[in-house]
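Each chain, letter by letter, is given below.
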Amino acid sequence: MPMKLTTIRNGVILMVCSGAASLFAATLDLSKLPLPVPRKVDFEKEVYPIFAEKCIECHGPAKQKGKYRMDTKEGAFKAGDSGSFIIPGNSEKSPLIHIVAGLIEEGLMPPPSDKKGESEPLSKEQIGILRSWIDQGAAWPDGPIKLSVKKVTFKNDILPLLASACASCHGAAKQEGSFRVDSRDALLAGGKSYGKIVTPGNAEKSTLLMIIAGKDEDLPEPEKHKLSPKQVDLVKAWIEQGAE
Ligand code: HEC
Ligand code: HEC
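Just so it is clear, the structure is predicted and the values come from calculations on it, not from any experiment.

Draft legend 1. Representation of the overall build of the protein chain in the model. Regarding its fold elements, the protein chain presents eleven helices and zero strands. For the protein chain, the succession of helices and strands along the chain, N to C, is α-α-α-α-α-α-α-α-α-α-α. Each of the 244 residues in the protein chain was classed as buried or not, and the buried ones make up 24%. Once local pairs closer than 6 in sequence are excluded, the contacts in the protein chain between residues at least 24 apart make up 55%.

Draft legend 2. Highlighting the site of ligand 2. Residues in close proximity to ligand 2 total 23 residues, the closest being C166, C169, G177, G191 and Y194. Of all the secondary structure elements, the ones that give two or more residues to the shell around ligand 2 are α7 (154-165), α9 (207-212) and α10 (222-225). Considering only residue class, the shell around ligand 2 consists of twelve nonpolar, seven polar and four charged.

Draft legend 3. A look at the site of ligand 1. Contacts to ligand 1 come from 19 residues, most closely from C55, C58, K65, G66 and M109. Going through the elements one at a time, α1 (5-18) and α5 (95-100) are the ones with two or more residues in the shell around ligand 1. Of the residues belonging to the shell around ligand 1, the class tally is twelve nonpolar, three polar and four charged.

Draft legend 4. Broad picture of the nonpolar core. Residues I97, V100 and L130 are the most contacted members of the largest nonpolar core, which totals 23 residues. Taken together, the elements giving at least two residues each to this core come down to α3 (43-54), α5 and α6 (124-135). Broken down by element, the residue count for this core peaks at five residues, all from α6. Ignoring any residue separated from it by four or fewer positions in sequence, one finds L130 in contact with V47, I50, I97 and V100.

Draft legend 5. Main features of the packing of α3 against α6. The contact between α3 and α6 brings their axes to 10 Å, and the two run at 120°. As far as their axial angle goes, α6 and α3 are oblique. For the crossing formed where α3 meets α6, the hand is left-handed. Taken together, the residues of α6 that come into contact with α3 (itself represented by F43, E46, V47 and I50) are Q126, I129, L130 and W133. Of the residues assigned to the contact of α3 with α6, the class counts are six nonpolar, one polar and one charged.

Draft legend 6. Helix α11 (residues 229-240), seen in detail. Here α11 is twelve residues long and its end C-alpha atoms lie 16 Å apart, about the 16 Å a rise of 1.5 Å per residue gives. Those residues of α11 that sit buried are V235, W238 and I239. Burial along α11 is one-sided: seen end-on, the buried residues are contained in an arc of 100°. For α11, the secondary structure elements touched by its buried residues are α7 and α9.

Draft legend 7. Structural view of the environment of G191. Mapped onto the elements of the fold, G191 is located in the loop between α8 (184-189) and α9. Separated by twelve residues in the primary sequence, G191 and F179 have C-alpha atoms spaced 4.2 Å apart. In this structure, G191 is in contact with G177, S178 and F179, ignoring residues within four places of it in sequence.

Draft legend 8. View of α3. If you check α3, its first and last C-alpha atoms are 15 Å apart, about what twelve residues at 1.5 Å a residue would give, namely 16 Å. Buried within α3 are the following residues: V47, Y48 and I50. Around the axis of α3, the buried residues are gathered within 140° of arc, so they sit on the same side. On the buried face of α3, the contacting elements are α6.

Draft legend 9. Looking closely at the confidence of the model for the protein chain. Of the residues in the protein chain, 89% reach a pLDDT of 70 or more, and the chain-wide mean stands at 88. In the model, residues 10-26 has pLDDT below 50 throughout and makes 19 contacts with residues more than four positions away in sequence or in other chains.

Draft legend 10. Focus on the environment of M70. You can see M70 is positioned in the loop between α3 and α4 (73-77). By the C-beta count within 10 Å, which is 23 here, M70 ends up buried. Separated by 19 residues in the primary sequence, M70 and F51 place their C-alpha atoms 7.1 Å from one another. Here M70 is in contact with F51, C55, I56, H59, G60, G75 and A76, once residues within four sequence places are set aside.

Draft legend 11. Geometry of the environment of A186. Note on placement: A186 falls in helix α8. Residue A186 is classed as partly exposed on the basis of its C-beta count, with 16 C-beta atoms lying within 10 Å. Spatially, the C-alpha atoms of A186 and G171 are 9.8 Å apart, while their sequence positions differ by 15 residues. With residues near it in sequence (within four places) discarded, A186 still touches R180 and V181.

Rules used in this analysis
Residues numbered from 1 in each chain as written. Chains lettered and ligands numbered in written order. Predicted model: local features only at pLDDT ≥ 70, side-chain atom pairs only at ≥ 80, totals over all residues. Helix = DSSP H or I, 4+ residues; strand = E, 2+ residues; numbered from the N terminus. Buried ≥ 20, exposed ≤ 12 C-beta atoms within 10 Å, placed from the backbone. Contact = placed C-beta atoms within 7 Å. Near = placed C-beta within 6 Å. Nonpolar A, V, L, I, M, F, W, Y, C, P; charged D, E, K, R; others polar. Core = buried A, V, L, I, M, F, W, Y, C linked by C-beta atoms within 7 Å. Axes fitted to C-alpha atoms, helices over the stretch in contact; angles between N-to-C directions. Parallel < 35°, antiparallel > 145°, perpendicular 65-115°, else oblique. Left-handed = near helix turned anticlockwise from the far one by under 90°. Expected span 1.5 Å × (residues − 1). Arc of directions from axis to C-beta. pLDDT = per-residue confidence, 0-100.

Below you can see the structure in the form of structure tokens.
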């Protein structure tokens, strides 16, 4: 029988306190959980980047949906009325894992979105990484987290994005405004009336960001020029890292 988030969490508590494991097993199909990855995982390199990519926008400094935040150790391990979401040493019983694996009806995180590409569930590999981290003791070093920033490149990240969003009008077939996005050189060269719209290393001076954020009201087809906030962030990171 599928159960709602709160019920399950009460179930977890019950189980933790009374050891009634059978009650727990009867409510969740743990056989659906992806397996832990069979290796030692690194929190800063592998685990936190998953939180940063998939969770922090709603559970971080800006917003704490469900009163839960995951950018600090205290927040992530905080025990509420119904216990902690992370049970070090036991990923199978950690509600966080049940939540990201979609075992709990209407409780999947990140919450599904109608917009394509906006909210992908965690992959089996990512869930496996979180499971191994918890099974290996859920170590979370004190102090600020040192994130290794992923290098955003034109070839791997920007070209695929613009090819699907813009190339029908600014590519091989058509070049509206003499502007095309199918090579880095062309994108950096800009179009006939706007000129250069990318200033490598300087997001504020880069008109491209205004355009894809939907803030340029002079262009035709406004909805074709607007990208999702996540896609805008990616282009911004690319420009800030030097637009290579
Ligand atoms: C787009 C916003 C959004 C994203 C992204 C998101 N969450 Fe949530 N999360 C919510 C909302 C809204 C709630 C409150 C749901 C409720 O109370 O029913 C919530 C609640 C939670 C809770 C608390 C549930 C409870 O019963 O108190 C946990 C744990 C959680 N999320 C984990 C995660 C994890 C892990 C990720 C990333 C893999 C994630 N969330 C990504 C919006 C989000
Ligand atoms: C459905 C067609 C269409 C799509 C898709 C489209 N555009 Fe355009 N774009 C236009 C038209 C039409 C113009 C105006 C051309 C003119 O003024 O001659 C234009 C103009 C521009 C210009 C100004 C060029 C100049 O200097 O004159 C830029 C920059 C631009 N678009 C960027 C983009 C980006 C980035 C995307 C993808 C996120 C995109 N466009 C998607 C149709 C489109």
